[in-house]
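Chain by chain, the residues:
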Amino acid sequence: RHEVHLLRNQFDAILVGAKTVIVDDPKLTVRDIENSRNPVRVILDINLITSPDAEVYKQAEATKVYLVTKIRQDKKKIDAFLKVNSNLELIEVPEISNSRLDLKVLFSVLAEKNILSVLVEAGPSLSSELISNQLIDEYVLFIAPKLLGEQNSINNLNVKNANFEFKIIDHRLIGNDLMIILRK
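Residues numbered from 1 in each chain as written. Predicted model: local features only at pLDDT ≥ 70, side-chain atom pairs only at ≥ 80, totals over all residues. Heavy atoms only, no water.

(A) Local environment of helix H5 (residues 103-112). Within H5, burial applies to Leu103, Leu106, Val109 and Leu110. Mapping the buried residues of H5 onto a view down its axis gives an arc of 115 degrees, with all of them on the same face. For H5, the N-terminal capping position is held by Asp102, with its side-chain oxygen 3.1 Å away from the main-chain nitrogen of Lys104. Asn114 sits one or two residues past H5 and shows a positive phi near 65 degrees. (Buried < 20%, exposed > 50% of the residue type's maximum accessible area, 1.4 Å probe, protein only. Helix = DSSP H or I, 4+ residues; strand = E, 2+ residues; numbered from the N terminus. Arc of directions from axis to C-beta. Polar contact = N/O pair within 3.5 Å; in protein donor to acceptor, adjacent residues only side chain to side chain.)

Here it is as structure tokens:
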């Protein structure tokens, strides 16, 4: 999708969860955009369930990859990732309840690395957690005219203590999809 590549080109980093890497095997690079640059890739993988052979880890020439996991992870697992990509760096953050990482700590670490804008390409689990922790300033939502009876659809957000109001700041038809931009 051309619009997604335009978005990627505007951010310092792209953040995805382990499930996205496993299901989609993305490169998370910018393609088909003139004078583009690849943002840093941030992979959230608490239990190191992604494969070191995934495309996102193989793209050493594209840009740095941060593998985010819990503190005191298995050294052999970590070494397997470090062997694949010399441009990969480990970020360890505290684990909080329900096998989740402390995302506020993660964003603080990224800010220390001068990563100030992050595009999150996530499914409902990670999206729900980011919204629940009020870590989203802007939400770009793509809606395809398809009915999905799966748990991976946007209507399965599980937002805790939710009373979030966004303003629609833009909306466009892109092909047969609707893009809506929401801001706090």
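Text resumes after the structure shown.
(B) Main features of the side chain of Thr69. Position of Thr69 relative to the elements: it lies in strand E3 (residues 65-70). Taking the relative accessible area as the measure of exposure, Thr69 reaches 0% and is therefore buried. Those residues in contact with Thr69 that sit more than four places away from it in its chain are Asp45, Ile46, Asn47, Leu48, Leu90, Ile91, Glu92, Val93 and Leu101. (Contact = heavy atoms within 4.5 Å.)

(C) The arrangement of a nonpolar patch on the surface in detail. Taken together, Ile22, Val23 and Ile49 make up a surface patch of nonpolar side chains, about 320 Å² in accessible area. Of note, Val23 is situated in helix H2 (residues 18-24). (Patch = residues over 30% accessible without salt bridge, like charges linked within 9 Å, V, L, I, M, F, W, Y side chains within 5 Å. Areas by Shrake-Rupley, 256 points an atom, 1.4 Å probe, with all protein chains shown as cover. Salt bridge = Lys/Arg side-chain N within 4 Å of Asp/Glu carboxyl O.)

(D) Expanded view of the sheet that holds strand E2 (residues 40-44). Here five strands make up an open sheet; going across it, the order is E4-E3-E2-E1-E7 and the pairing parallel. With one partner strand each, in any of the chains shown, strand E4 (88-93) and strand E7 (118-120) form the two edges of the open sheet. Taking each pair of neighbouring strands and ignoring which way they run, the sheet shows an average axis angle of 25 degrees. Taken together, the five bridges between strand E1 (residues 13-17) and E2 define a ladder with parallel strand orientation. Of the residues in E2, the one forming a bridge with Ile14 is Arg41. Lying on the sheet, H5 is in contact with E1, E2, E3, E4 and E7; it crosses E4 at an angle near 140 degrees. (Pairing = 2+ DSSP bridges. Axes fitted to C-alpha atoms, helices over the stretch in contact; angles between N-to-C directions.)

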